[in-house]
Structure formats: C-alpha cells, structure tokens
Amino acid sequence: MKKKQWEQLMIAIVLLCTIIGGFIGLTIADVTIDFSLAAAIICAPLLGLLPRFFLAARHKKKMGNIPEADERTALILKRYFLGVLYVVLFGSGAALLVLYAMGVESIETGLLIVSMMVLYVSIAIGTLIAAKL
C-alpha cells in the first residue's frame, strides 16, 4: 500500500472508533439515543477533520511537494519534548513536596484538572513555537 492509502485507512479507523466509542459511552451512561444525539456523535468527528483537509490542500497548493517538517525540525521537537518531560516531572514532584511540607493532605480533583489543562495548553503552544523555528 502507498502512503496515501495508509493515511486514508488510518483516518477511517480513527473516525470509526470515535463514533463507536461515542455510542458505547452513551450506552454505558444509560442515555436514550435519539436522532439528534446520533447525528452529533457522527458529525462531530467528521467536522473535526475538515480543517485538517483544508489546511493540507492549502499547503499542497502553496508549497507543492515540499515537506512540512525536515530533520532539523524533528531534532528541535525531540529536544523540546525531552526538556518538557524533565520540567514536568521535576516540577510536579517539587510542587507535591512543597504541598506536603505545607501540610496539605488532600488535593481537590477540579484544581488538578485545571492545572493539567494549563500544562497541556502551554506544552501545545510550545510545540507550535518549536515547530516553526
């Protein structure tokens, strides 16, 4: 199989698994599935992939066959992710030690979710910046 066919197969598998997972999740939650809910489960992944196709077509038209990333970009991203790994591991470990020293015995789950989302967003923004270098 060619690279394009593998890419299309992988996209189809991810879409299918996302849609099946949505229906399984609703079944587990004992929610009655009506037409509008089923349409949302099916259309949301499809609409989520539309920007990717438009951006890929725009890149192909603008740049031709020039790849989006080269070896230098891969090396920069590898170094960035290695640095982020150590910062996150040591930073979260240090934060837990400080909280333990302050006498905190329990952590609210909502605060943990918010802090993880801030961490994910900052890593994503850093990845975009590192990819453009």
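Refer to the preceding data block for the structure.
Residues numbered from 1 in each chain as written. Predicted model: local features only at pLDDT ≥ 70, side-chain atom pairs only at ≥ 80, totals over all residues. Heavy atoms only, no water.

Along the chain, Ala56 turns up in helix H2 (residues 35-63). Of the residues examined, Ala56 reaches a relative accessible area of 33% and is grouped as partly exposed. Taking the C-alpha atoms as reference points, Ala56 and Ala74, 18 residues apart in sequence, are found 19 Å from one another. (Helix = DSSP H or I, 4+ residues; strand = E, 2+ residues; numbered from the N terminus. Buried < 20%, exposed > 50% of the residue type's maximum accessible area, 1.4 Å probe, protein only.)

The next thing to look at is the packing of helix H3 (residues 71-102) against helix H4 (residues 109-132). The contact between H3 and H4 brings their axes to 9 Å, and the two run at 155°. Classified by the interaxial angle, the pair formed by H3 and H4 is roughly antiparallel. Here H3 runs over H4; the crossing is right-handed. Contacts from Thr73, Ile76, Leu77, Tyr80, Phe81, Val84 and Val88 of H3 reach H4 at Leu119, Ser122, Ile123, Gly126, Thr127, Ala130 and Ala131. For the contact of H3 with H4, the per-class residue count stands at 10 nonpolar, 4 polar and no charged. (Axes fitted to C-alpha atoms, helices over the stretch in contact; angles between N-to-C directions. Parallel < 35°, antiparallel > 145°, perpendicular 65-115°, else oblique. Left-handed = near helix turned anticlockwise from the far one by under 90°. Contact = heavy atoms within 4.5 Å. Nonpolar A, V, L, I, M, F, W, Y, C, P; charged D, E, K, R; others polar.)

Spanning 24 residues, H4 covers 35 Å between terminal C-alpha atoms, matching the ideal 34 Å at 1.5 Å per step. Among the residues making up H4, those that are buried are Gly126, Thr127 and Ala130. Contacts made by the buried residues of H4 are with H3. (Expected span 1.5 Å × (residues − 1).)

Another aspect to go through is the environment of Ser106. Topologically, Ser106 is positioned in the loop between H3 and H4. Separated by 73 residues in the primary sequence, Ser106 and Ile33 have C-alpha atoms spaced 38 Å apart.

On to the packing of aromatic side chains, then. Applying the stated criterion across every chain, the model contains 2 aromatic pairs. Aromatic side chains Tyr86 and Phe90 sit 6.1 Å apart centroid to centroid with 15° between the ring planes, which places their arrangement in the stacked category. Of this pair, Tyr86 and Phe90 both sit in helix H3, 4 residues apart, which is roughly one turn of that helix. What makes Tyr86 partly exposed here is its relative accessible area of 42%. Residue Phe90 is classed as exposed on the basis of its relative accessible area of 60%. (Phe/Tyr/Trp six-rings, centres within 6.5 Å; stacked < 30°, edge-to-face > 60°.)

Everything listed here is a matter of coordinates, which is why it stays silent on function.
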